[in-house]
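Report on the structure
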Amino acid sequence: MLAWVLGSLGFGSVKAQPQSGQDAWVDRTLNQLTLRQKIGQLIMVPVFAQADTADAQVLGLIRDYEVGGLIWMKGKSVKLPSLLQQYKKASTHPLWMAMDAEWGAAMRLDDRPRFPYAMTMGACQDTDLVEALAEAMGRELKELGMHISFGPVADVNSNPFNPVIGFRSFGSEPRDVLAMALAYARGLEKAGMMSCAKHFPGHGDTELDSHHDLPVLDKSRESLDSVELSTFRGLLGLPSMMSAHLIVQALDSGLALPVSLNPAALEGLLRRQWGYEGVIFSDALNMKGASQCYPPGELEWKALQAGNDVLLYVTDVPKAIQRIEQALLAGEWTEADLNQKVRRILRAKYRYVLNGFGPSNDSESSNDPAKKGNHAKAALPPSLLQERCFGKSLTLWNPTGSVLPEWRPEGPRLYLALGGDSPRDAYNRFGIYAQADFLHWPWKGAAEPDFLPVQGDGMSLDSILCTYPEWVVAWHVPSQRWSTGLGMDSLRLQRWKGLMDKARSKGIRMVHLLFGNPLALTRKAGPRPSMATTDSKSKSSGAVGSFVPLPGKSGFSGGDRPKARCFSGGSTAGCSGRTNLDGQSLREHGYIGPGSGGHGPCL
């Protein structure tokens, strides 16, 4: 197998050590390829796992142009086995299969469980755990027939307003991002998956999304070296990297081209100055950050000229191959240059597709245990790894520096869930440790919060809620993308904040919980949570149970727990007849309207 020298940080060099089996197979295969077949090895096209039969257009690209690989997009994992076999049978040479699977196959396949986001893994500050999670993701992908996982994301999220990286980054500190990226890559490699650091030279300080536009990063080389480039320089031992569709002024050499199309950045810095010898993938060439620069055909040729080895997500394969052939015939490029790229690809295929054994296209599915690698045995169940990650990622956020109020073991307490489709999972976890009455006020389908008296009886929503001396306010962020904010309009936010200010002025103790991306708070003036998760999934993972006892280490056991009441701004299912502290139901005061779907039984 291809040998890799592991350095003190986890990876050292991607240089292949002489190995007769690998070199013999690479030389033999390269010599068998025609010029067009060699060009085909440089191309990967998108494919979907949504139908029972293979896509005729993709089959045609494999048979007629012998494209080297497929990148799997949306679909279902149950469709994969049959489709994979159909596509592999259509290919003369080994195809490699890739997937953007930063949080596992669930990023692309809607019937797979999701692993934690990179932001969540970074917040857990445990590289061993991140490595184990990545290994579990890699095993899942390997079982699905994949060879490449386009990760880790090595971008430093130094700009909180970044629309495309955000929760996909391990953090905002270069050293932490590097440590986590190395751990993530080690995990994938243990599972037999090819890792790929992206997006070189760093996409974390942009305010445009390269899927839709061409970002420009205008900062000094010194600043680049200390932040963006420092992480990628520490990842030179990884077998592959992905180039970014963004202009980096300090690396541009006056070309005004994105890095993915810029020889100064790829051939100049990454290859010649840094000596990188791994495979370089372009980011998807259908993205506006690249496609707006050149038409199909010319775009792919420019990407190869810049230094990419593999052209990802080519939209017009015939035009791309025709233009590359023209470049060879016109002397713009040499077959020796082409062979160098194909050799890199074949070496990687020998290791990750053939697993270092034999020339058969089906070697990766062999039943020989010696050929399966160490990905066949899991150290811990993925669910347990995720529970540990969610628990460790919980962040105490108390800017004032004061000590959080200690939970009282008895007495009335309100659990106020704002937003979210199913906040009861978090509430139920909370109930393991402390009892509270439950009020859910969704942002969609619920009445506007009105804190004035109604029906002339003098009771108002704020007077009812303020009878509770302790509040747990759970903010359920609707999206991991910061631009969504807290998910409510400004009027509702101000009304709830006003009520909370009033409650605090009355001496009510309050702890805020934020489920989701903490950067959502930068979108609108919101609360300063006492506790924050970095992943909305953690509300159902046991994360709440991990941190609720922290302030006072107190809780309830079995029969000591009083019966809780359940209120909802949008639904009464399962809650009819529950009363508030003064014996009057919220329904009687108009705060609960007609039922709109249940949230499960009350505790």
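Refer to the structure printed above.
Description of the structure in this document. Residue numbers here run from 1 along each chain, matching the order of that chain's written sequence. At least 70 in pLDDT is required for a residue's local features to be given in this predicted model, at least 80 for side-chain atom pairs to be given and counted, and no such filter applies to totals for whole chains, interfaces and linings, which use all residues. Water and hydrogen atoms play no part in the side-chain values, which are based on all heavy atoms of the structure.

Quick notes on the nonpolar core
What makes a nonpolar core is a set of buried Ala, Val, Leu, Ile, Met, Phe, Trp, Tyr and Cys residues whose side-chain atoms join them at distances within 4.5 Å. Summary of the burial criterion: residues with accessible area below 20% of their type's maximum are buried, those above 50% are exposed, and those between are partly exposed, where the area comes from a 1.4 Å probe applied to protein chains only. In terms of nonpolar packing, the biggest core is built from 124 residues, with Trp72, Tyr87, Trp96, Phe200 and Phe281 touching the most fellow members. A helix here means a DSSP run of H or I that spans at least four residues, while a strand means a run of E at least two residues long, and both kinds are numbered starting from the N terminus. For this core, the leading source of residues is helix α7 (residues 174-190), giving nine residues. Counting 21 residues, the second-largest nonpolar core is a separate cluster that includes Leu416, Trp475, Trp496 and Leu499.

Some points on the pattern of salt bridges
Each salt bridge in this description consists of a side-chain nitrogen of Lys or Arg and a carboxyl oxygen of Asp or Glu lying within 4 Å of one another. One pass over the structure, following the stated rule, counts 27 salt bridges. Across the pair glutamate 335 and lysine 38 runs a salt bridge, and its minimum N-O distance is 2.7 Å. Of this pair, glutamate 335 sits in helix α14 (residues 335-352) while lysine 38 sits in helix α2 (residues 35-40); the two residues are 297 residues apart in sequence, bridging distant segments of the chain. In this structure glutamate 335 comes out as partly exposed when scored by relative accessible area, which is 39%. Under the relative-accessibility criterion, lysine 38 is labelled buried at 6%. A salt bridge links arginine 221 to aspartate 225; the shortest N-O distance between them is 3.0 Å. Of this pair, arginine 221 and aspartate 225 both sit in helix α8 (residues 221-226), separated by four residues, roughly a single helical turn. Judged by its relative accessible area of 35%, aspartate 225 is partly exposed.

Considering the environment of tyrosine 468
Mapped onto the fold, tyrosine 468 is located in the loop between α17 (461-465) and β14 (470-476). When the C-alpha positions of tyrosine 468 and alanine 436 are compared, they lie 9.6 Å apart, and in sequence the two are 32 residues distant.

Re the packing of aromatic side chains
Centre distance within 6.5 Å is the pairing criterion for rings of Phe, Tyr and Trp, where only the six-membered ring of Trp is used; planes under 30 degrees apart are then read as stacked, over 60 as edge-to-face, and the remainder as tilted. One pass over the structure, following the stated rule, counts 15 aromatic pairs. Geometrically, the ring pair formed by tryptophan 72 and tyrosine 87 is edge-to-face, given 5.9 Å between the ring centres and 65° between the ring planes. Within this pair, whereas tryptophan 72 is found in strand β2 (residues 69-75), its partner tyrosine 87 is found in helix α4 (residues 80-89), the two being separated by 15 residues in sequence. For tryptophan 72, a relative accessible area of 1% corresponds to the buried category. For tyrosine 87, a relative accessible area of 1% translates into the label buried. Criterion for a charge above a ring: Arg CZ or Lys NZ at most 6 Å from the ring centre, at most 35 degrees from the ring normal. Note that arginine 424 overlies the ring of phenylalanine 438, its terminal NZ or CZ placed 4.6 Å from the centroid.

Brief notes about the pairing of β14
Most of β14 is tucked away, with seven of its seven residues classed as buried. On β14, burial covers both faces: Glu470, Val472, Ala474 and His476 on one face and Trp471, Val473 and Trp475 on the other are all buried. By definition, two strands form a pair when at least two bridges between them are found by DSSP. Direction of pairing for β14 relative to strand β15 (residues 509-515): parallel, over a ladder of seven bridges. Its bridge partner being in β15, histidine 476 is matched across the sheet by phenylalanine 515.

Overview of the packing of helix α12 (residues 298-306) against helix α13 (residues 317-329)
Structural elements are reduced to axes, namely lines fitted to C-alpha atoms, with helices fitted over the stretch in contact, and the angle between N-to-C directions of any two is expressed from 0 to 180 degrees. The N-to-C vectors of α12 and α13 enclose an angle of 55°; their axes lie 7 Å apart at closest approach. By the angle between their directions, the pair α12 and α13 is classed as oblique. In this structure, α12 meets α13 at a crossing whose hand is right-handed. Residue-level inspection shows Glu298, Glu300, Trp301 and Leu304 of α12 in contact with α13, the latter providing Ala320, Arg323, Ile324 and Ala327. Orientation categories follow fixed angle ranges, with anything under 35 degrees roughly parallel, anything over 145 roughly antiparallel, 65 to 115 roughly perpendicular, and all other angles oblique. Throughout, a crossing is termed right-handed when the near helix is turned clockwise from the far one, and left-handed when it is turned anticlockwise from it by less than a right angle. Should any heavy atoms of two residues lie within 4.5 Å, those residues are counted as being in contact.

Observations regarding the packing of helix α1 (residues 20-32) against α14
The N-to-C vectors of α1 and α14 enclose an angle of 130°; their axes lie 10 Å apart at closest approach. Between α1 and α14, the angle is such that the two are oblique. As for the relative orientation of α1 and α14, their crossing is right-handed in sense. Where α1 approaches α14, its residues Gly21, Gln22, Trp25, Val26, Asp27, Thr29 and Leu30 are matched on the opposing element by Asn339, Val342, Arg343, Leu346, Arg347 and Tyr350. Each residue gets one of three labels, nonpolar for Ala, Val, Leu, Ile, Met, Phe, Trp, Tyr, Cys and Pro, charged for Asp, Glu, Lys and Arg, and polar for the others, Gly among them. Tallied by class, the residues present in the contact of α1 with α14 amount to six nonpolar, four polar and three charged.

Notes on α7
To estimate the expected span of a helix, count its residues, drop one, and scale the result by 1.5 Å. In a regular helix each residue adds 1.5 Å, so 17 residues correspond to 24 Å; α7 covers 24 Å between its end C-alpha atoms and thus fits that length. Among all positions of α7, only Pro174, Val177, Leu178, Met180, Ala181, Leu182, Ala183, Tyr184, Ala185, Gly187, Leu188 and Glu189 are buried. Residues of α7 that are buried sit in contact with α5 (118-124), α6 (127-143), β4 (148-149), α8, α9 (228-233) and α14. Positive phi shows up at glycine 192, right after α7, with a value of about 85°.

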